[in-house]
Amino acid sequence: MVNMESGRENEPVEHALRRLNSSTNGISEAEAAERLRKYGLNAITEKKVNPVLKFALKFWAPVPWMLELTVILTYMFGKYLDMYVILFLLVFNAIVSYVQELKAQDAIDVLKKKVSVTARVLRDGTWKNMDASKIVPGDIVHVRMGDIIPGDLKVIDGESQADQSMLTGESLPVKKTKGSILYSSSVLKRGESTGVVIATGSSTIFGKTAQLVNLAGAKSHLEALILDIVKYLVVMDFVLIAILLSYSLYIHVSLTDVIPFSLVVLIASVPVALPATFTMAMAIGALDLSRKGVLVTKLTAVEDAASMDTLCLDKTGTITENRLSVSDPVVYNSTENELMYYAMIASDISTMDAIDMAVIDYTKRQGYSIPNVTRKEFVPFDPAIKRTEAKIETDNGEFLVMKGAPQIIVGLCEVENKGEILDRVKNFAEKGFRTLGVAKIGEKERTFLGLIPLYDPPRKDSSRFIAQLKAMGIRPRMITGDSSAIGSEIGREVGIGQSSCAIGDIRSGKEKIDDCDVVAEVYPEDKYNIVKELQNEKHITGMTGDGVNDAPALKQAEVGIAVSNATDVAKASASIVLTHEGLEDIVSAVEDGRKIFQRMLTYTLNKIIKTVQVAIFLTISFFIVGFFVTTPFDIILLLFANDFVTMSISTDNVGFSKSPEQWNVRSLVGSSVSLALLIVVESFFVLWTGFRFGLTHPEIQTYIFAMLVFSGQFTVYMVRERRAFWKSRPSKYLLTASILDIIVITIITSQGILVTPVPLIYIIAVLVISLVWMILLDRFKGVVFKHYHI
């Protein structure tokens, strides 16, 4: 249960009124205006990022740094065409990333628009309806059943019950009498109350929880991945360039010839389209998920969903239904029909009491009834006597039926096994059940009819959903404010597991969080810390929730998931919002995330392979033949012919893994280099054929350019499948892009557009060699992928 501020709860009403310089007659409009200036609107202030700064930050990351360095070097050496092309690539990447994030932010802003809440406020001695954002501390506010509490109110009159589950996770309404506090954002379920506003906006419990959201946030795993890839490529670049410069000085080649080539190697190594491709892949995945009722408000969550290996599930309202339900009644001296029917007689639907509603619903669903029973009088639940009463008339005379606290009801009856009954009540309590006793009392009998255990039952789809998570290699963990015994019981019932740990034992080091299926006795701030602790243990962590108390943890988790009935604050804090009831759409999010991972993996493998191939082949070929086998302009053209055409990988048809995906840059680079070295052999074979065909140096450069494009396209089809390349059909967009690319490059190279022309027959020969080499290499690919666990 949540740790509310007991100091304010215990403060006498009269003292609160004096402290706030108010009275039961409220404050004046003039005083309210002055306080509004002092305290501000009754709203949660949100930190906004300047859009210009947000766009500028797109140029401050590993890949932009490499492009910016290349721009400076091309400018210094007068390679202005190269410089303009690279500047275009730099700005293009920034715009794609910014626009996609802007779309996601627009979705968040829509979620944050609150339904207009009005409040009944006593000003200048007159009750007025006004916008709840205008109330101030000291205002007198009246709330009725169904109202959303507009601020933290100290009750000065009336009796009510408030649903605080969105704040505290408590499934039962909480009774509020004079001196109690009605907390902002809770909902009045029964009765009416008048209270003085003691806190508004960020000063409320609701507001303080929302402020904690601003401190939360998971690190971007995608940025770390791109940085790791770039580091490997940069090291390779500098090693090759150092070798190239040293060799050039040794054989007395002019630096004016070598430095432009060094720029070519650098440009070829920059994963120019990598961020844009990743962003596009995630955006397409997010669009697909939206059609399935899953709204993605943070694009990186799509990729993180693929890697998620543990999912924290809030118990109340997420795993359970957040409503009371009758479990298996225990009968004494009666039948279940008689026990439940008399319990229903001692209930009243008009009170909207959660216990009465559960009893009535169960009895009607079971079809229980007793003929010739008429209720003459009904007395609602009275806290003083802890029971409801109903006077009934039957064929055997008049009786009084009572329903309430078992200890009280048993004490009013003639029972021989009182100890056994109370032990049963204690056992129910330890398992999280609230228990009712029911009795029928007449002139000649005082019969105890039995016990009715009540609990918040699991949702019907919870067990199936938990089984699906486990089948996908994701460990579910339940988070609850209830006791360990209750958590263990619910955990067993839905299949999560029975290893329940109290949060205090985890804090003290007595229990390790990795060993716990259920974490019990948590406060809202504990949920946030639980997520951070799991992240510290290297888990990619998901968190589901619906209430304000879940918001900080939702934002901290890599995959924060707000369920369909969540509060606006929870939805705005989450990276994924479910729009359908239930949890099974999470499975779709994970499946789609893993498909997107496969597409991103294909692009990354292809890019690293091509980078290593180009850098090593161009450097070594210079050592062997004494001239550059391609031009700097050809490499710029290659970026468009390969990198941006292969962005269509983001639409590819792929399967998904049955276990969480993990980026392993060392394995990625190891497998890519292994395959790239074999493609380097292909490159030298093609170079040899070029000389055999008697091509001139400019024609060789065009011939090699065509080979780099064709082998790059075929490499995509080799690495997109972990099995043989023909095992699955590529998407129509990828296939169309590749075919068009090959046709365009064939026309350019054979007709001499922008490059030296080469006879069509030789271009077709290069195309056939690249295709055959890919087919041969595909057989070796499986061995490499298996060795590196790709």
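Residues numbered from 1 in each chain as written. Predicted model: local features only at pLDDT ≥ 70, side-chain atom pairs only at ≥ 80, totals over all residues. Heavy atoms only, no water.

A. Representation of the overall build of the protein. Each helix and strand counted, the protein has 29 helices and 22 strands in total. Burial statistics for the protein: of 790 residues in total, 56% are counted as buried. The long-range fraction of contacts in the protein, counting pairs at least 24 apart against all pairs at least 6 apart in sequence, stands at 71%. Taken as a whole, the protein presents about 33800 Å² of accessible surface, with 57% of it coming from carbon and sulfur. (Helix = DSSP H or I, 4+ residues; strand = E, 2+ residues; numbered from the N terminus. Buried < 20%, exposed > 50% of the residue type's maximum accessible area, 1.4 Å probe, protein only. Contact = heavy atoms within 4.5 Å. Areas by Shrake-Rupley, 256 points an atom, 1.4 Å probe, with all protein chains shown as cover.)

B. Representation of helix 15 (residues 354-366) in the model. Over its 13 residues, helix 15 extends 19 Å from the first C-alpha to the last, a length consistent with the 18 Å expected when each residue adds 1.5 Å. Buried residues in helix 15 make contact with strand 10 (325-326), helix 14 (336-345), strand 12 (374-382), strand 14 (397-404), strand 15 (434-441) and strand 16 (446-455). One or two residues past the end of helix 15 sits glycine 367, with phi positive at roughly 75°. (Expected span 1.5 Å × (residues − 1).)

C. Quick peek at the pattern of salt bridges. Applying the stated rule across the entire model yields 31 salt bridges. Salt-bridge contacts for arginine 475 lead to aspartate 517; the nearest nitrogen and oxygen are separated by 3.0 Å. Here arginine 475, found in strand 17 (residues 475-479), pairs with aspartate 517, found in the loop between helix 20 (503-508) and strand 19 (518-520); they are 42 residues apart in sequence, far enough to count as distant. A relative accessible area of 29% means that arginine 475 is categorised as partly exposed. The partner of arginine 720 in a salt bridge is aspartate 652, with the nearest N and O atoms 2.7 Å apart. Residue arginine 720 is located in the loop between helix 27 (697-719) and helix 28 (732-751), and its partner aspartate 652 is located in the loop between helix 25 (632-644) and helix 26 (665-692); the two are separated by 68 residues in the primary sequence. The residues arginine 720 and aspartate 652 share a single accessibility class, namely buried. Each of Glu29, Arg123, Lys128 and Asp139 takes part in a single network of salt bridges with overlapping partners. (Salt bridge = Lys/Arg side-chain N within 4 Å of Asp/Glu carboxyl O.)

D. Representation of the sheet that holds strand 18 (residues 500-502) in the model. With respect to topology, 8 strands assemble into an open sheet ordered 8-22-21-20-9-17-19-18, the strand pairing being mixed. Among the strands making up the open sheet, the edge pair consists of strand 8 (294-296) and strand 18. In this sheet, neighbouring strand axes are inclined to one another by 20° on average, regardless of whether the strands run parallel or antiparallel. On top of the sheet, helix 24 (residues 585-625) reaches strand 8, strand 9 (310-314), strand 20 (541-545), strand 21 (559-562) and strand 22 (576-578); it is set at about 145° to strand 22, its chief contact. (Pairing = 2+ DSSP bridges. Axes fitted to C-alpha atoms, helices over the stretch in contact; angles between N-to-C directions.)

E. Looking closely at the nonpolar core. If you look at the biggest cluster of nonpolar residues, it comprises 124 residues, and the most contacted ones within it are Leu311, Phe465, Ile530, Ile576, Ile704 and Phe710. With 18 residues, helix 24 is the largest single contributor of residues to this core. With residues up to four places along the chain from it excluded, the contact list for phenylalanine 710 reads Ile742, Ile745, Thr746, Ile763, Val766, Leu767 and Ser770. Residues Met340, Ile345, Ala358 and Ala390 belong to the second largest nonpolar core, which totals 28 residues. (Core = buried A, V, L, I, M, F, W, Y, C linked by side-chain atoms within 4.5 Å.)

F. Representation of the pairing of strand 20 within the structure. Most of strand 20 is tucked away, with 5 of its 5 residues classed as buried. Bridge count between strand 9 and strand 20: 4 bridges; the pairing is parallel. Paired with leucine 311 across the bridge in strand 20 is glycine 542. Pairing analysis gives 4 bridges linking strand 20 to strand 21, with the strands arranged parallel.

G. Expanded view of the state of the cysteines. Counted by the stated rule, this structure contains 1 disulfide. Each disulfide pairs two cysteine sulfurs, and for cysteine 501 the partner residue is cysteine 516, the sulfurs being separated by 2.1 Å. Between cysteine 501 and cysteine 516, the S-S dihedral sits near -100°, and the bridge is therefore left-handed. Note that cysteine 501 is positioned in strand 18 and cysteine 516 in the loop between helix 20 and strand 19, a separation of 15 residues in sequence. This pair shows no difference in class: cysteine 501 is buried, exactly as cysteine 516 is. (Disulfide = S-S within 2.5 Å.)

H. Local environment of the side chain of lysine 781. Along the polypeptide, lysine 781 turns up in helix 29 (residues 760-787). Classification of lysine 781 as buried rests on a relative accessible area of 0%. Not counting residues up to four positions away in its chain, the partners in contact with lysine 781 are Leu675, Met718, Glu721, Arg722, Arg723, Ala724 and Phe725.

I. Spatial organisation of the packing of aromatic side chains. Enumeration according to the criterion identifies 13 aromatic pairs in this entry. Residues phenylalanine 428 and phenylalanine 433 carry aromatic rings whose centres are separated by 5.6 Å and whose planes lie at 65° to one another, so their mutual orientation is edge-to-face. Summarising the burial analysis for this pair, phenylalanine 428 and phenylalanine 433 share the class buried. Each residue in the set Phe428, Phe433 and Tyr455 is aromatic and connected to the rest through ring pairs, giving one cluster. Over the ring of phenylalanine 399 we find lysine 440, and its NZ or CZ is 4.6 Å from the ring centre. (Phe/Tyr/Trp six-rings, centres within 6.5 Å; stacked < 30°, edge-to-face > 60°. Lys NZ or Arg CZ within 6 Å of the ring centre and 35° of its normal.)

J. Structural detail: the packing of helix 11 (residues 274-291) against helix 24. In the contact formed by helix 11 and helix 24, the axes pass within 10 Å of each other and the chain directions differ by 155°. By the angle between their axes, helix 11 is roughly antiparallel relative to helix 24. The crossing of helix 11 and helix 24 is right-handed. For the pair formed by helix 11 and helix 24, the contact residues are Leu274, Thr277, Phe278, Ala281, Met282, Gly285, Asp288 and Leu289 on the first element and Ser588, Ala589, Asp592, Ile596, Met600, Tyr603 and Thr604 on the second. For the contact of helix 11 with helix 24, a count of residues per class yields 9 nonpolar, 4 polar and 2 charged. (Parallel < 35°, antiparallel > 145°, perpendicular 65-115°, else oblique. Left-handed = near helix turned anticlockwise from the far one by under 90°. Nonpolar A, V, L, I, M, F, W, Y, C, P; charged D, E, K, R; others polar.)

K. How the structure looks around a nonpolar patch on the surface. A contiguous nonpolar patch, built from Ile72, Tyr75, Met76, Phe77, Tyr80, Tyr84 and Leu87 and spanning about 760 Å² of accessible area, is present on the exposed surface. Elements represented by at least two residues in the nonpolar patch include exactly helix 5 (62-76) and helix 6 (80-112). Mapping isoleucine 72 onto the fold places it in helix 5. (Patch = residues over 30% accessible without salt bridge, like charges linked within 9 Å, V, L, I, M, F, W, Y side chains within 5 Å.)

L. Looking closely at the packing of helix 24 against helix 27. Their axes nearest at 9 Å, the elements helix 24 and helix 27 cross at an angle of 150°. Relative to helix 27, the element helix 24 lies roughly antiparallel. The chirality of how helix 24 crosses helix 27 is right-handed. From helix 24, Thr602, Leu605, Asn606, Ile609, Lys610, Gln613, Val614 and Phe617 reach across to helix 27, where they touch Ile704, Met707, Leu708, Ser711, Gly712, Thr715, Val716 and Val719.

M. Spatial organisation of the environment of glycine 293. With respect to the secondary-structure elements, glycine 293 resides in the loop between helix 11 and strand 8. Using a relative accessible area of 6% as the deciding quantity, one classes glycine 293 as buried. Along the primary structure glycine 293 and alanine 589 are separated by 296 residues, whereas in three dimensions their C-alpha atoms are 10.0 Å apart. Among residues more than four places away in sequence, those in contact with glycine 293 are Val577, Leu578, Thr579, His580 and Asp585.

N. Just unusual backbone geometry, in detail. With a phi angle near 60°, asparagine 372 is a residue other than glycine that sits in the positive phi range. By secondary structure assignment, the location of asparagine 372 is in the loop between helix 15 and strand 12. Overall, the relative accessible area of 51% leaves asparagine 372 in the exposed class. Backbone geometry places lysine 386, a non-glycine residue, at a positive phi of 55°. The partly exposed category is assigned to lysine 386, whose relative accessible area is 44%.

O. The arrangement of the confidence of the model for the protein in detail. When pLDDT is averaged along the protein, the result is 83; 89% of the residues meet or exceed 70. Element-level pLDDT for the protein is lowest in helix 8 (residues 205-215), with a mean of 61, against a maximum mean of 94 in helix 14. Low pLDDT (under 50) marks residues 110-116, which in the prediction has 11 contacts with non-local residues, meaning those over four places away or in another chain. (pLDDT = per-residue confidence, 0-100.)

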